[in-house]
Amino acid sequence: MKAIAVEPGAGDPTVIEKPIPEPAAGEALVRTLRVGVDGTDHEVIRGAHGELPDGSDRLVLGHEAVGVVEDPNGTNFEEGDVVVPTVRRPPNGTNEFFERGEPDMAPEGAYLERGIVGEHGFMAEYFTSPAETLVSIPRDLEPLGFLVEPISITEKALEHAQAARSTVHWEPESAIVLGNGSLGLVTLAMFEKVLEIDRTYCLGKRDRPDPSIELIEDLGATYVDSRETPVSEIPDVHEPMDLVYEATGYARHPFETVEALAPNGVGALVGVPDDWSFEIDGGKLHRELVLHNKALVGTVNSHRGHFEAAVDTLSSVPEWVTDDLVTGVYDLENFDRAFEQDESVIKTAVEFDTL
Ligand code: NAP
Ligand code: BGC
Ligand code: ZN
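If you're wondering where the values come from, they're calculated on a predicted model, not measured in any experiment. (Residues numbered from 1 in each chain as written. Chains lettered and ligands numbered in written order. Predicted model: local features only at pLDDT ≥ 70, side-chain atom pairs only at ≥ 80, totals over all residues. Heavy atoms only, no water.)

Undergrad: Would you mind showing me how to read the packing of helix α7 (residues 253-260) against helix α8 (residues 282-291) here?
TA: Helix packing geometry: the angle between the two helix axes and the distance between the axes. The geometry of α7 relative to α8 is characterised by a closest axis approach of 9 Å and an angle of 50° between their N-to-C directions. By the angle between their directions, the pair α7 and α8 is classed as oblique. For the crossing formed where α7 meets α8, the hand is left-handed. Between α7 and α8, the contacting residues are Phe255, Val258 and Glu259 on the first element and Lys284, Leu285, Glu288 and Leu289 on the second. Tallied by class, residues from the contact of α7 with α8 come to 4 nonpolar, no polar and 3 charged. (Axes fitted to C-alpha atoms, helices over the stretch in contact; angles between N-to-C directions. Helix = DSSP H or I, 4+ residues; strand = E, 2+ residues; numbered from the N terminus. Parallel < 35°, antiparallel > 145°, perpendicular 65-115°, else oblique. Left-handed = near helix turned anticlockwise from the far one by under 90°. Contact = heavy atoms within 4.5 Å. Nonpolar A, V, L, I, M, F, W, Y, C, P; charged D, E, K, R; others polar.)

Structure (C-alpha cells):
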C-alpha cells in the first residue's frame, strides 16, 4: 500500500510503499478515507517537533484521520463503520494514564502519538488501531471526519478553561482566538456557532483581501491585526476578554494574554512555540494573575470523550463554515498540494479513498 512519509528536517513528504498492516487481537483494520493536515504536521516536517519510531528513518505522517472499518477482526465494529482514531498510544503495554482513559494527561515518555511522536501516522491506505481508540461517526459526517481530531483539541481546552472556573458563576461574553490558522478558525466557529459567545474576535497578521479574514467576518467576529494591536493592548482598543484561546505558538502571547484578560478571565494555551528568550515584567504579570483572579491553562491532545463531544460539535457547525474552512482535498497523485502553505490555504486533507 501507499503511505506518505517524511524524514523530519530533510525535505518534503514523499509517497512510499509499505505492506498492508495485519490487525493484532483487539485491533480493527481500517481503510483510510481522508487525513487532515495541520500546523503540527508542518512542525514535524521541518524537524521542530516529534520523534521517529524506533528503528525507522522516516515517519508516516497524519494524525487527523477518518476511515472505514474493513476488517473488524473480532471487535464490536462492523465492516463499513465510519471511524475516527484517537492519537496517543502507550509506549510499552499500558500505563495508569491510558488505564484511566486520560492519555492526554500522560507526561512525556508515557505516550506515543501516531504521526507525531514515535509511531507511524494514518497517512496510508490502511491502518490498524485498537477498538477502544476508534470513535464511530455518522456516515454523513464522513467527508468532514478529519475535523473531529482538531475539534477535540478545543473540546479539551474549553473543558479545562471551564474547570478553572467551575466553582463560580462564569459565562464568557467576550472571547478572542489568537491565530487564524485552521485550529484557530475552527475554534472561532465553535465560539460563534456552538457556544454562541456574544462578542468574538480573532487575531492574525495578514492584509486584506484574505480568505481567513473573510471567514472571521462572515462568522460575525472582529478581525484584530497583531501588527497594529498587540495582544496586551486589546482591552484598550476593543475590550477586556473573558476567554482567550492561544493558537499561534507565538511565545509572547501567553504573557500578553494575562493583560488582555478581563478580571476572572481564563486563557487557554494550545499553540506550541520554539525556544525564544525575551524580557517580560514578571511582577506585573504575577500581580495581574493574583489580584484579578486570572488563570492560564496549558492543554495538549484530547481523550475519547473529547472526540465524542467533537462529533456532536461538528454536526452543529453550519455547512457554509466548513465549506469555507476546507480549502482543498487532494488525492494521492496530488498529495503535495495538501502541504502547500500559501495564504489561500486554510485547511487541507489528503483523500486516500472514498466510501
Ligand atoms: P497554523 O496553521 O500554523 O496557524 C497558526 C496561525 O497563527 C497562522 O495563521 C499564523 O499566521 C498565525 N500567527 C502566528 N503568529 C502570529 C502573530 N504574532 N500574530 C497573529 N497571528 C499569528 O497552525 P494550526 O494548525 O492552526 O495550530 C495552531 C497552533 O496550535 C500551532 O502552534 C500548533 O502546533 C498548535 N496545536 C496544538 C495542539 C495541542 O494539542 N496543544 C493541537 C493542535 C495544534 P500566518 O499564517 O499569517 O503566518
Ligand atoms: C495534535 C495533538 C498532539 C499535539 C502535540 C497536535 O497537533 O492534534 O493530538 O497531542 O499536536 O504533539
Ligand atoms: Zn493536530
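Undergrad: I keep staring at the coordination of the zinc ion (ligand 3) and nothing clicks. Help me out?
TA: For a metal bound by four donors in a tetrahedral arrangement, the ideal donor-metal-donor angle is 109.5 degrees, while six donors in an octahedral arrangement ideally sit at 90 or 180 degrees. At this site the zinc ion (ligand 3) is bound by Asp38 (OD) and His63 (NE2), with donor distances of 2.0 to 2.1 Å. Judged by relative accessible area, which is 14%, Asp38 ranks as buried. According to the relative accessible area criterion, His63 is buried, its value standing at 3%. (Donors = N, O, S within 2.8 Å, 3.2 Å for Na, K, Ca; no water. Buried < 20%, exposed > 50% of the residue type's maximum accessible area, 1.4 Å probe, protein only.)

Undergrad: In this structure, what is going on with the pairing of strand β5 (residues 64-71)? I would like to understand it.
TA: Regular strands place side chains that alternate from one sheet face to the opposite one. The element β5 is extensively covered by neighbouring structure, given that 6 of its 8 residues are classed as buried. Looking at chain direction, strand β3 (residues 27-37) and β5 are connected through 7 bridges and run antiparallel. When the bridges of β5 are listed, Arg31 appears paired with Val68. (Pairing = 2+ DSSP bridges.)

Undergrad: Any chance you could explain the pattern of salt bridges here in plain terms?
TA: A side chain with one charge can pair with a side chain of the opposite charge if their charged atoms come near. Taken as a whole, this structure holds 19 salt bridges when the rule is applied. For Arg34, the salt bridge is made with Glu351, and the minimal N-O distance between the two is 2.9 Å. With a gap of 317 residues between them, Arg34 in strand β3 and Glu351 in strand β19 (residues 347-351) connect regions that are remote in the sequence. According to the relative accessible area criterion, Arg34 is buried, its value standing at 16%. Exposure remark for Glu351: the relative accessible area of 21% places this residue in the partly exposed category. Between Asp210 and Arg206 there is a salt bridge whose closest N-O contact spans 2.7 Å. Judged by its relative accessible area of 19%, Arg206 is buried. Taken together, the shared-partner salt bridges in this structure form one network comprising Arg31, Glu70 and Asp353. (Salt bridge = Lys/Arg side-chain N within 4 Å of Asp/Glu carboxyl O.)

Undergrad: Sorry, what's going on with the domain arrangement of the chain here?
TA: It is common to give the size of an interface as the accessible area that goes away when the parts come together. When its domains are assigned, the chain resolves into domain 1 (2-136 + 318-351) and domain 2 (153-298). Each of domain 1 and domain 2 was reduced to a C-alpha centroid, and the two centroids are 28 Å apart. Across the contact, 15 residues belong to domain 1 and 16 residues belong to domain 2. Of the roughly 1,200 Å² buried where domain 1 meets domain 2, counting both sides, 65% is carbon and sulfur surface. (Domains from an automatic or database assignment. Buried area = accessible area lost by both parts, 1.4 Å probe.)

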